[in-house]
Amino acid sequence: MDKTNYKHMWVYVEHDGTVVHPVSLELCCEVRKLCDQSGDKLIAVIAGEIPNTEVDKIRDCGVDGIIDVSGTGYERYNTEAYTNLFAELCVKYKPSAVFVGGTTNGRDFAPRFAARIETGCTSDATEVVYNPETTDIEFIEPASGGKIMAVITIPTLRPQVGTIRPGTFKYIPKGRKAVIEEVHETIDFPLEEIRTKLLSHEQAAYDPEMDIANAEVIICVGDGLSDERALSRYRELAKLLGGKIACTRPLYDREILSYKLQVGQSGVMIKPKLYIGFGISGAVNHVAGVDAEKFIAVNKDPDAPIFHYSDYSIVGDMDEVCDVMIEALKAKAV
Ligand SMILES: Cc1cc2nc3c(=O)[nH]c(=O)nc-3n(C[C@H](O)[C@H](O)[C@H](O)COP(=O)(O)OP(=O)(O)OC[C@H]3O[C@@H](n4cnc5c(N)ncnc54)[C@H](O)[C@@H]3O)c2cc1C
């Protein structure tokens, strides 16, 4: 395969017909930087109808072009139509890379269309780098239980397909380009070939306590926690600081806290002003999900790897330290 025949980087714009998913905006901002280095154009691909005000958000991310696709099969997400759509578009336009948000839907169709057009797909990168020598994108992610950072490339095939977890990159729009090339495509997918049927649909109730991605203060509890009863003091600390409780994977495995509260590579990416981690060793799989302005770690082991990441390191028993913090905050409030 001659890689030079493949040009420009695409971002799939996921939406629900009303708003664009934040991961698509984050990806547009990050992939803009890669395109500035490689000389490629940044192209957003939108299937189905969305309000123009939402398309404006994409335009503001510095895209060079938009491929807007209409036709049958895109009213609601389904594996078959979206797989076919990207397989067809990639064969026609030959992009160098396609970035897809690592949502439930994105993780479903991205590897499928990549396999269909016989290229590679890498999932859940926490960093993407353009290598000017090879012209490949390096998808970097924790591997081997977080002991190493793996650099994954798709060196001989194109396009390079990658899914990126929501919250990995920041949404900082670079501004609108004077000229944006907007192309319209019509691709009809036969509705009878969609193998899933929607019988009913119920919106999950919004629980603000579970929305840790947008919390300013996170009290994160790790496997050092003795048992569920000990959790109450961490809840109290979170309340006093106006923050939310989160956890590492073992606490979800122990069925103490919900998966929605798990921070890290296979959980939620958080960007709080303050993160306090109690009884957490500091595995890369966890800390890859933390982008905090101030990072405080509490661990009884002075050699715990988490102290490599913290601004303030407290060596001590997690429950005792938490109680001291609660007392100090209450004393300050009096
Ligand atoms: C593909 C993959 C994806 C993963 N994704 C995630 C993810 O998204 N999020 C995630 O969290 N993990 C993830 N993991 C798991 C991850 O590798 C670690 O196993 C996990 O983060 C460890 O959690 P922990 O630090 O709470 O527990 P441990 O590593 O067991 O650490 C517990 C810490 O508590 C300290 N401690 C014990 N008692 C006390 C006490 N009384 N006072 C103070 N300190 C105490 C100990 O010294 C120790 O450092 C993933 C793993 C894989 C393979």
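Identification of the protein as Electron transfer flavoprotein subunit alpha/FixB family protein from Fusibacter paucivorans is taken from an unreviewed UniProt entry. Under Sequence similarities (unreviewed entry), UniProt gives the following word-for-word description of the protein: "Belongs to the ETF alpha-subunit/FixB family."

Asks: Mind showing me how you'd approach the nonpolar core here?
Replies: Most often, soluble globular proteins have nonpolar side chains that are buried together. Within the largest apolar cluster, 41 residues are counted, with the highest numbers of intra-cluster contacts made by Ile219, Leu225, Tyr234, Tyr275 and Phe278. When neighbours within four sequence positions are excluded, tyrosine 275 is seen to be in contact with Ile218, Cys220, Ile270, Ile280, His286, Val290, Ala292, Lys294, Phe295, Ile296 and Ile306. Core analysis: the second largest hydrophobic core is formed by 32 residues, Val23, Ala44, Ile50 and Val63 among them.

Asks: Would you mind showing me how to read the pairing of strand S4 (residues 97-101) here?
Replies: Walk down a regular strand and you will see the side chains alternate between the two sheet faces. Taken across its five residues, S4 has five buried, putting it largely inside the fold. One ladder, built from three bridges, connects strand S1 (residues 9-13) with S4; its direction is parallel. When the sheet's bridge partners are listed, methionine 9 is paired in S4 with alanine 97.

Asks: Mind showing me how you'd approach the packing of aromatic side chains here?
Replies: Each aromatic ring pair is specified by the distance between its two centres and by the angle formed by the two planes. Under the criterion given, the structure shown has 15 aromatic pairs. Centre to centre, the rings of tyrosine 12 and tyrosine 82 are 6.1 Å apart; their planes meet at 75°, and the pair counts as edge-to-face. In this pair, tyrosine 12 sits in strand S1 while tyrosine 82 sits in helix H3 (residues 79-93), placing the two residues 70 residues apart along the sequence. Under the relative-accessibility criterion, tyrosine 12 is labelled buried at 4%. Between tyrosine 77 and phenylalanine 109, the ring centres sit 6.2 Å apart and the planes meet at 45°, which makes this aromatic pair tilted. Residue tyrosine 77 is found in the loop between strand S3 (65-70) and H3, and its partner phenylalanine 109 is found in helix H4 (residues 104-116); the two are separated by 32 residues along the sequence. Tyrosine 77 gets classed as partly exposed once you look at its relative accessible area, which sits at 22%. Residue class for phenylalanine 109 comes out buried when judged on its relative accessible area of 0%. A connected cluster of aromatic rings, assembled from ring pairs, spans Tyr12, Tyr74, Tyr77, Tyr82, Phe86, Phe109 and Phe113.

Asks: Can you walk me through the packing of helix H5 (residues 231-240) against helix H8 (residues 318-333) in this structure?
Replies: Packed helix pairs are characterised by how far apart their axes lie and by the angle those axes make with each other. Contact pair H5 / H8: the axes reach a minimum separation of 10 Å and the direction vectors enclose 35°. Seen along the crossing, H5 lies across H8 with a hand that is left-handed. Contacts between H5 and H8 involve Arg233, Tyr234, Glu236, Leu237 and Leu240 from the first element and Met318, Asp319, Cys322, Asp323, Met325, Ile326, Leu329 and Lys330 from the second. Tallied by class, residues from the contact of H5 with H8 come to eight nonpolar, no polar and five charged.

Asks: Please clarify how the domain arrangement of the protein should be interpreted in this entry.
Replies: When the parts of a complex come together, some accessible area is lost, and that lost area is often taken as the interface size. The assigned domain composition of the protein is domain 1 (3-193) and domain 2 (208-333). Here the C-alpha centroids of domain 1 and domain 2 sit 33 Å apart. Counting from both sides, the interface comprises 12 residues of domain 1 and, opposite them, 11 residues of domain 2. Both faces considered, domain 1 and domain 2 share a buried interface measuring about 910 Å² in area, 53% of it formed by carbon and sulfur atoms. Our count for the contact surface shared by domain 1 and domain 2 stands at one salt bridge. A salt bridge links aspartate 291 to lysine 170, with the shortest nitrogen-to-oxygen separation between them at 2.6 Å. Remark: the boundary between domain 1 and domain 2 carries six residue pairs in polar contact (both at pLDDT 80 or more). In terms of residue class, the side of domain 1 that touches domain 2 is built from four nonpolar, five polar and three charged.

Asks: Please explain the UniProt feature "domain: Electron transfer flavoprotein alpha/beta-subunit N-terminal" (unreviewed entry) in the protein as it appears in this structure.
Replies: Following the UniProt record, the feature "domain: Electron transfer flavoprotein alpha/beta-subunit N-terminal" (unreviewed entry) maps to residues 9-198 here. As a span, residues 9-198 carries 28% helix and 28% strand, and end to end its C-alpha atoms are 33 Å apart.

Asks: Looking at this model, I keep getting lost on the site of the ligand. Mind explaining?
Replies: Around the ligand lies a shell of 25 residues, among which Asp223, Thr248, Ser266, Ser281 and Asn285 are the nearest. For the ligand, an oxygen atom lies 3.0 Å from a polar atom in the backbone of arginine 249. Taking 980 Å² as the accessible area of the ligand by itself, protein coverage stands at 75%. Only helix H6 (249-253) and helix H7 (284-287) provide two or more residues apiece to the shell around the ligand. Of the residues belonging to the shell around the ligand, the class tally is five nonpolar, 15 polar and five charged.

What counts, and at which threshold
Residues numbered from 1 in each chain as written. Predicted model: local features only at pLDDT ≥ 70, side-chain atom pairs only at ≥ 80, totals over all residues. Heavy atoms only, no water. UniProt positions renumbered as here; feature names shortened; annotations may be inferred. Core = buried A, V, L, I, M, F, W, Y, C linked by side-chain atoms within 4.5 Å. Buried < 20%, exposed > 50% of the residue type's maximum accessible area, 1.4 Å probe, protein only. Contact = heavy atoms within 4.5 Å. Helix = DSSP H or I, 4+ residues; strand = E, 2+ residues; numbered from the N terminus. Pairing = 2+ DSSP bridges. Phe/Tyr/Trp six-rings, centres within 6.5 Å; stacked < 30°, edge-to-face > 60°. Axes fitted to C-alpha atoms, helices over the stretch in contact; angles between N-to-C directions. Left-handed = near helix turned anticlockwise from the far one by under 90°. Nonpolar A, V, L, I, M, F, W, Y, C, P; charged D, E, K, R; others polar. Domains from an automatic or database assignment. Buried area = accessible area lost by both parts, 1.4 Å probe. Salt bridge = Lys/Arg side-chain N within 4 Å of Asp/Glu carboxyl O. Polar contact = N/O pair within 3.5 Å; in protein donor to acceptor, adjacent residues only side chain to side chain. Near = heavy atom within 4 Å. Areas by Shrake-Rupley, 256 points an atom, 1.4 Å probe, with all protein chains shown as cover.

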